[in-house]
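Results of the structural survey
Residue strings, one per chain:
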Amino acid sequence: MLGLIALCLSTASLAQTCAESQPCMRARGAVEDLVRIVAPDGVQETYKASIGGIAQWINVRGQDKSNPMILFVHGGPASPTMPTTWQWQRPVEEYFTVAHYDQRGVGKTLRANDVDAVAETIHIDRFVDDAIEVAEHLRAKYGKDKLILAGHSWGTIIATRAALKRPELFHAYVGMGQVASVRENERISFEYGMAQARKHGNAEALTEMAAIAPYPGDQPITRERIIVARKWPQYYGGLSAYRSDSKYFFSGPILSPEYDQSDWKAINEGSLLTLGRVLQEWTEVDFSQVKRFPIPIVQFLGRHDYTTPTEPVVKWMAQLKAPYKHSVWFERSAHMMPWEEPGKLLTSLLTYVRPLAVPAAGKRRAKGYTAP
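Heads up: these notes are all about the structure in this document.

Rules of the game
Throughout this description, residue numbers start from 1 for each chain and increase along the sequence as written. For a predicted model such as this one, the threshold for reporting local features is a pLDDT of at least 70, and the threshold for listing and counting side-chain atom pairs is 80 or more; totals across whole chains, interfaces and linings nevertheless cover every residue. Think of the side-chain values as coming from all heavy atoms in the structure, minus any hydrogens and water. In this description a helix means any DSSP run of H or I spanning at least four residues, a strand means any run of E spanning at least two, and both kinds are numbered starting from the N terminus. Two aromatic rings from Phe, Tyr or Trp, using only the six-membered ring of Trp, form a pair when their centres are within 6.5 Å; if the ring planes differ by under 30 degrees the pair is stacked, by over 60 it is edge-to-face, and anything between is tilted. The cut-offs for exposure are 20% and 50% of the maximum accessible area for each residue type, with area from a 1.4 Å probe on protein chains only; residues under the lower value are buried, those over the upper are exposed, and the others partly exposed. Geometrically, a lysine NZ or arginine CZ counts as sitting over a ring once it is within 6 Å of the ring centre and also within 35 degrees of the ring normal.

A few points about unusual backbone geometry
Along the chain, Gly-76 connects to Pro-77 via a cis peptide bond; the corresponding omega equals 5 degrees. Note on placement: Pro-77 falls in the loop between β3 (69-73) and β4 (97-101). Here the bond from Tyr-215 into Pro-216 is cis, since omega is -5 degrees, no more than 30 degrees from zero. Tracing the backbone shows Pro-216 in the loop between α8 (203-210) and α9 (223-238). You will see that Ser-153, though not glycine, has its phi angle at about 60 degrees, which is positive. By secondary structure assignment, the location of Ser-153 is in the loop between β5 (147-152) and α6 (154-165).

Side note on the packing of aromatic side chains
Summed over all chains, the structure comprises 13 aromatic pairs. Judged by centre distance (5.5 Å) and plane angle (90 degrees), the ring pair of Phe-127 and Trp-154 falls under edge-to-face. Taken together, the positions of Phe-127 in helix α5 (residues 124-142) and Trp-154 in helix α6 put the pair 27 residues apart, joining distant regions of the chain. No difference in accessibility class separates Phe-127 from Trp-154, as the two residues are buried. Grouping aromatic residues by their ring pairs yields a cluster made of Phe-72, Trp-88, Phe-249, Phe-250 and Trp-339. Here Arg-303 stacks its cationic end above the ring of Trp-329, 3.8 Å away from the centre of that ring.

Written out as structure tokens, the structure is:
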């Protein structure tokens, strides 16, 4: 999360290059045409709505408005998913209507508001209330009784708290790269990075990581320590499996039909605005003491995820009481499951999640929905 600042900042120069390149702009046009919804009963809208006292941008897409609706809460903080949905979401839109929104302080939403005024409101509780307001807005606008709530990475903190606070709004919750305990995540991730550095004889990595060890230990988790702690686990595939970087994700917004050059720039600005303001609250997140979940809960777990390691999630799910719970392992993924295994994402949503929102399908699979 916080160790990716340098990669995010590289987007600005790439965006400028694309904006000045006719071949790049033609490629954007091809992507726009490919993902255009043409089905008569479909929906494709990107618009501003008043959420939490500010204007927040929402994107809604699907081939059939009668399908169940997913509200996707993006990661980061300040890492919007809207400009990279073109990379993985198109098949999902045949079976679900999917809504994304740029959270306060990032991307299109950052541009739509007074930055100084928004900066004072950047707290986790406010993000949670925003997610709830977005859910209520979508229910009213699209005539949905309930939504499927999904969160990725940082977004799982917001979505989990939203589900606990207003469970009646949601059929189910889907966590991807779930945060269960931040301090445990940091410890496991750091230990993985150290082990890989030793295995590969990486003297540079060992020196950098030794300078902050033991991590997190009993010291504060500062931005500077996090950057070092996250650098090497992600280098050894803890963000995207078998990859030392994730250029596909950080460069993806450049070809997005939803984002223009100013929006690209606002991703970087949002990162700088948001990180320090939520850092202390983020380090204190721990769901391990939550013993009951009020709605069905499904976890998508990346086998190689050392950005939000899976061990604390597995322990949490084992103790959790819920109307239904299930975990799905993505064997070829680390933290970026929708991008790394989009086929597995689709089949998992269809098998384990859609029946929770479509009564007829749920009845046909009733025997499969007994909580472990």
